[in-house]
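# Geometric and topological summary
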Amino acid sequence: GRKTALAWWESKNAVLVTEKDGTSVKIPSGGIIRFKEVISGKAGDRLSYEITLKKSAGYVSLRLGQWSKEGFIGENFTLLNATPEYSVVKGEIVLKDADKPDKQGILRKVNRFYLTIYAHLNSRDVMVKDVKVNLIPKQ
């Protein structure tokens with residue numbers, strides 16, 4: 001797999017917070033962190049992730065927006081099972097091509113994707129300390 005640096009993120013409402021054990025990103029309810037680097041991949045590739053985070057309530061999800069040369073395909077997402085104390089959540093998301101052709105009859109093949117962490121509207125006290133991803137090519 002390829003180790004990817006995701007240091008470049010952007011958000012309209014998340015802020016950096018310095019805690020006694022390091023720096024974290026605080027995401028308000030309904031807020032997102034979008035990672036700027038577009039990552040290339042194709043159908044069948046797996047994105048494995050390890051995210052160190054905490055929350056006191058609600059849902060937090062990792063979203064994988066998938067794109068083709070012709071445009072947007074869709075989004076895969078998974079809920080991150082965070083706890084009130086920092087813990088590492090691990091998992092994988094598989095890249096997929098479009099399920100059916102678009103209006104022009106084009107079956108869109110995924111060739112790049114981007115990651116977003118979303119704090120749902122019912123979430124509280126969401127803090128993200130570390131994000132590690134590894135793209136595992138289809139064998």
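Residues numbered from 1 in each chain as written. Predicted model: local features only at pLDDT ≥ 70, side-chain atom pairs only at ≥ 80, totals over all residues. Heavy atoms only, no water.

Turning our eyes to something else, we now look at the layout of surface pockets. When its volume is computed, the largest pocket comes out at roughly 220 Å³. Lining the largest pocket are 15 residues, with Ile-73, Gly-74, Asp-97, Ala-98 and Asp-99 positioned closest to its centre. Top element by residues in the lining of the largest pocket is strand 9 (residues 71-79). It accounts for five residues. Of the residues contributing to the lining of the largest pocket, the split by class is five nonpolar, three polar and seven charged. (1 Å grid on protein atoms, 1.4 Å probe; cavity = no way out; pocket = protein on both sides within 12 Å on 5 of 7 lines; lining within 4 Å. Points joined across faces, edges and corners; volume = space filled by probe spheres on them. Helix = DSSP H or I, 4+ residues; strand = E, 2+ residues; numbered from the N terminus. Nonpolar A, V, L, I, M, F, W, Y, C, P; charged D, E, K, R; others polar.)

Let's shift gears to the environment of Ser-29. Within the fold, Ser-29 resides in the loop between strand 4 (22-27) and strand 5 (32-35). Judged by relative accessible area, which is 38%, Ser-29 ranks as partly exposed. As for Ser-29 and Asn-122, which are separated by 93 residues in sequence, their C-alpha atoms are 6.5 Å apart. For Ser-29, the contacting residues outside a window of four places in its chain are Ala-119, His-120, Leu-121, Ser-123 and Arg-124. (Buried < 20%, exposed > 50% of the residue type's maximum accessible area, 1.4 Å probe, protein only. Contact = heavy atoms within 4.5 Å.)

Before going further, it helps to examine the environment of Gly-58. Tracing the sequence through the fold places Gly-58 in the loop between strand 7 (46-54) and strand 8 (60-68). Once the C-alpha coordinates of Gly-58 and Ala-82 are considered, the two residues, 24 residues apart in sequence, prove to be 9.3 Å apart.

Turning our eyes to something else, we now look at the nonpolar core. The nonpolar side chains of a soluble globular protein tend to be buried with one another. In terms of nonpolar packing, the biggest core is built from 28 residues, with Ile-27, Ile-51 and Ile-117 touching the most fellow members. Within the residue set of this core, elements represented by two or more residues are strand 4, strand 5, strand 7, strand 8, strand 10 (87-94), strand 11 (112-119) and strand 12 (126-136). No other element matches the five residues that strand 12 contributes to this core. (Core = buried A, V, L, I, M, F, W, Y, C linked by side-chain atoms within 4.5 Å.)

Below, the discussion takes up the packing of aromatic side chains. Aromatic ring pairs: the centre-centre distance and the angle between the two ring planes describe each pair. Applying the stated criterion across every chain, the model contains two aromatic pairs. With a centroid separation of 5.2 Å and 65 degrees between ring planes, the pair formed by Trp-67 and Phe-72 is classed as edge-to-face. Using a relative accessible area of 39% as the deciding quantity, one classes Phe-72 as partly exposed. Here the aromatic rings of Trp-67 and Tyr-114 are separated by 6.4 Å at their centres, their planes lie at 45 degrees, and the arrangement is tilted. Highlighted residues: Trp-67 in strand 8 and Tyr-114 in strand 11, separated in sequence by 47 residues. Looking at Trp-67, the relative accessible area reads 28%, which means it is partly exposed. Accessibility expressed as a relative area gives 15% for Tyr-114, which makes it buried. Site record: aromatic cluster; members linked through ring pairs are Trp-67, Phe-72 and Tyr-114. The ring of Phe-77 carries Arg-63 above its face, with NZ or CZ at 4.6 Å from the centroid. Positioned above the aromatic ring of Tyr-86, the side-chain terminus of Lys-129 is 4.6 Å from the ring centre. (Phe/Tyr/Trp six-rings, centres within 6.5 Å; stacked < 30°, edge-to-face > 60°. Lys NZ or Arg CZ within 6 Å of the ring centre and 35° of its normal.)

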